[in-house]
There are 2 protein chains.
Amino acid sequence: MATVPRTRLSPEARRTQLVELGLQMLSTRSLDNLVIEDIAAAAGISRGLLFHYFPSKREYREAVVRAAAADLLDHVAPDPTLPLAEQLRSAVTAFVDYVTANRDSYVALVRGASGGDPGLRAVFDETRSVIVTRVVDHLALLSGAMPPRRVRLAIRGWVAFAEEVVLDWLALQPVDTSDDAEAAPADVDAPDLDRDGIVEMLDGALLALVASAAASTRP
Amino acid sequence: MATVPRTRLSPEARRTQLVELGLQMLSTRSLDNLVIEDIAAAAGISRGLLFHYFPSKREYREAVVRAAAADLLDHVAPDPTLPLAEQLRSAVTAFVDYVTANRDSYVALVRGASGGDPGLRAVFDETRSVIVTRVVDHLALLSGAMPPRRVRLAIRGWVAFAEEVVLDWLALQPVDTSDDAEAAPADVDAPDLDRDGIVEMLDGALLALVASAAASTRP
């Protein structure tokens with residue numbers, strides 16, 4: 001019954017292919033709607049063979065989210081060829097561009113990861129921790145000292161801030177609907193924040209939060 | 001077979017009782033583990049009668065999360081008898097105290113709401129929007145003008161920041177385990193942030209974020 005020709009792939013290549021197909025599918029459907037049958041059909045293999053590579057739907061889904069997380073971390077890695085002072089803004093720019101280009105797999109990572117599945121939750125926590133550690137290390141290099149706990153907490157909060165702000169900003173962006181004459185501007189009382197404006201806002205927010213937390217007089 | 005005596009309650013009182021029982025149960029188990037049979041047993045009614053009040057587990061769960069959200073919004077409502085300038089800090093203090101006292105139902109609201117269930121997601125979005133609107137209105141009253149869009153976006157991000165920081169702070173708090181001699185301090189390199197320190201940090205963060213977003217020169 002298969003309509004797609006079967007291809008012989010090494011187990012490693014097959015796993016990679018199946019995960020890539022899942023990542024692509026996340027751009028049109030939610031994580032909960034990743035249907036194993038559709039993935040298998042797209043790969044030209046049987047449902048049973050897919051389960052040979054991923055013992056359960058849960059494990060397959062986790063592999064897809066893990067790939068989305070690795071992809072994100074790869075894109076927002078600081079560029080060591082830049083001067084230290086410019087690395088942060090460059091990483092923030094890469095973050096905004098990544099989320100803009102991969103909105104759906106990013107939402108799957110952020111939101112889907114919170115749904116009570118411990119595996120997905122772990123991927124999300126690890127990803128956020130890697131980003132926090134990078135920023136903490138960056139500040140430590142810039143300042144010559146490990147930031148105190150309250151500043152590290154503020155940096156963790158800033159990552160949540162950045163996630164929320166970028167997703168809200170994207171949700172408010174005008175959609176390209178040239179053939180839709182009825183499309184109305186979503187928010188007419190203020191000019192749109194452009195991409196560089198969002199980058200500046202996130203960058204400025206981190207400095208403001210770090211300064212505010214560091215200035216605190218409490219224990 | 002029922003071991004709990006049945007009590008006659010009005011439909012309204014019964015619904016409230018069932019939701020209250022669910023809220024209590026959230027302090028010992030996750031939203032996914034709210035078992036209908038246990039709720040019905042605790043209320044002294046049959047499983048069938050519970051489904052008379054809530055047609056599905058999903059609707060019951062949503063009612064519980066909606067009650068948790070209403071409870072939170074009630075607790076963090078600004079106190080109109082305070083001077084305007086003190087209302088924000090008082091609301092932030094109420095937020096920190098509420099999350100400290102109701103950690104599990106708060107986590108159910110924040111995290112559980114993100115798991116792909118549109119009903120729970122809507123409760124979460126509405127709750128966050130109410131808090132954002134309150135803060136925006138408060139700033140508008142203080143400054144005499146509606147904050148521009150970038151400031152409103154920063155306020156939305158601040159709510160995400162506050163959620164993350166308070167949950168992280170709570171997770172790092174020493175647990176009261178007087179009979180557990182092996183309990184080790186989680187983070188020995190810095191003195192603990194106390195409750196007033198966290199309130200000051202969240203309060204300061206909002207002012208820092210608003211000032212930083214307002215000072216932006218970009219469109």
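Each value, and the rule that gives it
- Residues numbered from 1 in each chain as written.
- Chains lettered and ligands numbered in written order.
- Predicted model: local features only at pLDDT ≥ 70, side-chain atom pairs only at ≥ 80, totals over all residues.
- Helix = DSSP H or I, 4+ residues; strand = E, 2+ residues; numbered from the N terminus.
- Contact = placed C-beta atoms within 7 Å.
- Axes fitted to C-alpha atoms, helices over the stretch in contact; angles between N-to-C directions.
- Parallel < 35°, antiparallel > 145°, perpendicular 65-115°, else oblique.
- Left-handed = near helix turned anticlockwise from the far one by under 90°.
- Core = buried A, V, L, I, M, F, W, Y, C linked by C-beta atoms within 7 Å.
- Buried ≥ 20, exposed ≤ 12 C-beta atoms within 10 Å, placed from the backbone.
- Domains from an automatic or database assignment.
- Expected span 1.5 Å × (residues − 1).
- pLDDT = per-residue confidence, 0-100.
- Nonpolar A, V, L, I, M, F, W, Y, C, P; charged D, E, K, R; others polar.

Caption draft 1: Layout of the overall build of chain A. Of the regular secondary structure elements, chain A holds nine helices and zero strands. Along its sequence from the N terminus, chain A presents helices and strands in the succession α-α-α-α-α-α-α-α-α. For chain A, contacts bridging at least 24 residues in sequence account for 67% of all contacts bridging at least 6.

Caption draft 2: Fine view of the packing of helix α1 (residues 11-25) of chain B against helix α2 (residues 36-43) of chain B. Residues and elements named next belong to chain B. In the contact formed by α1 and α2, the axes pass within 10 Å of each other and the chain directions differ by 120°. Judged by the inter-axis angle, α1 sits oblique to α2. In terms of crossing hand, the pair formed by α1 and α2 is right-handed. For the pair α1 and α2, the contacting residues are Gln17, Leu18, Leu21, Gly22 and Met25 in the first and Ile39, Ala42 and Ala43 in the second.

Caption draft 3: Structural detail: the nonpolar core. Counting 122 residues, the largest nonpolar core has Leu209 of chain A together with Leu209 of chain B as the members making the most contacts within it. Residues from two domains meet in this core; each of domain 1 (1-55) and domain 2 (64-214) of chain B gives at least three. For Leu209 of chain A, the residues in contact, after removing those within four places along its chain, are Ala154, Gly157 and Trp158 of chain A together with Ala205, Ala208 and Leu209 of chain B.

Caption draft 4: Local environment of helix α7 (residues 118-143) of chain A. Residue and element names in this part refer to chain A. Over its 26 residues, α7 extends 36 Å from the first C-alpha to the last, a length consistent with the 38 Å expected when each residue adds 1.5 Å. When α7 is considered as a whole, its buried residues turn out to be Leu120, Val123, Phe124, Thr127, Ile131, Val135 and Leu139. Against α4 (57-75), α6 (103-110), α8 (149-172) and α9 (195-214) lie the buried residues of α7. Directly beyond the C-terminal end of α7, a positive phi value near 80° is found at Gly144.

Caption draft 5: Summary view of the confidence of the model for chain A. Residues and elements named next belong to chain A. Summing up the model confidence of chain A, the mean pLDDT is 84 and the portion of residues at 70 or higher is 84%. Of all the helices and strands in chain A, α6 carries the lowest mean pLDDT, 79, while α9 carries the highest, 93. A low-confidence stretch, residues 177-190 stays under pLDDT 50, and its non-local contacts, those more than four residues away or across chains, total eight contacts. As scored by the predictor, the complex reaches a pTM of 0.84 and an ipTM of 0.83.

Caption draft 6: Examining the environment of Ala41 of chain A more closely. Mapping Ala41 of chain A onto the fold places it in helix α2 (residues 36-43). Separated by 64 residues in sequence, Ala41 of chain A and Ser105 of chain A place their C-alpha atoms 21 Å apart.

Caption draft 7: Main features of the environment of Pro11 of chain A. Residues and elements named next belong to chain A. Structurally, the position occupied by Pro11 is in helix α1 (residues 11-25). For Pro11, a count of 9 C-beta atoms within 10 Å translates into the label exposed. Placed 91 residues apart in sequence, Pro11 and Asn102 show a C-alpha to C-alpha distance of 27 Å.

Caption draft 8: Structural view of the environment of Leu170 of chain A. Residues and elements named next belong to chain A. Structurally, Leu170 is set in helix α8. By C-beta crowding, Leu170 is classed as partly exposed, having 15 other C-beta atoms within 10 Å. Along the primary structure Leu170 and Leu21 are separated by 149 residues, whereas in three dimensions their C-alpha atoms are 24 Å apart. Discounting chain neighbours no more than four positions away, the residues touching Leu170 are Val99, Thr100 and Arg103.

Caption draft 9: Quick look at the packing of α4 of chain A against α7 of chain A. Residue and element names in this part refer to chain A. Orientation of α4 relative to α7, taken along the N-to-C sense of each, is 10°, at an axis distance of 9 Å. For the element pair α4 / α7, the angle class is roughly parallel. Together, Arg58, Glu62, Val65, Arg66, Ala69, Leu72 and Leu73 of α4 and Gly119, Leu120, Val123, Thr127 and Val130 of α7 make up the contact between the two elements. Of the residues in the contact of α4 with α7, the class split is seven nonpolar, two polar and three charged.

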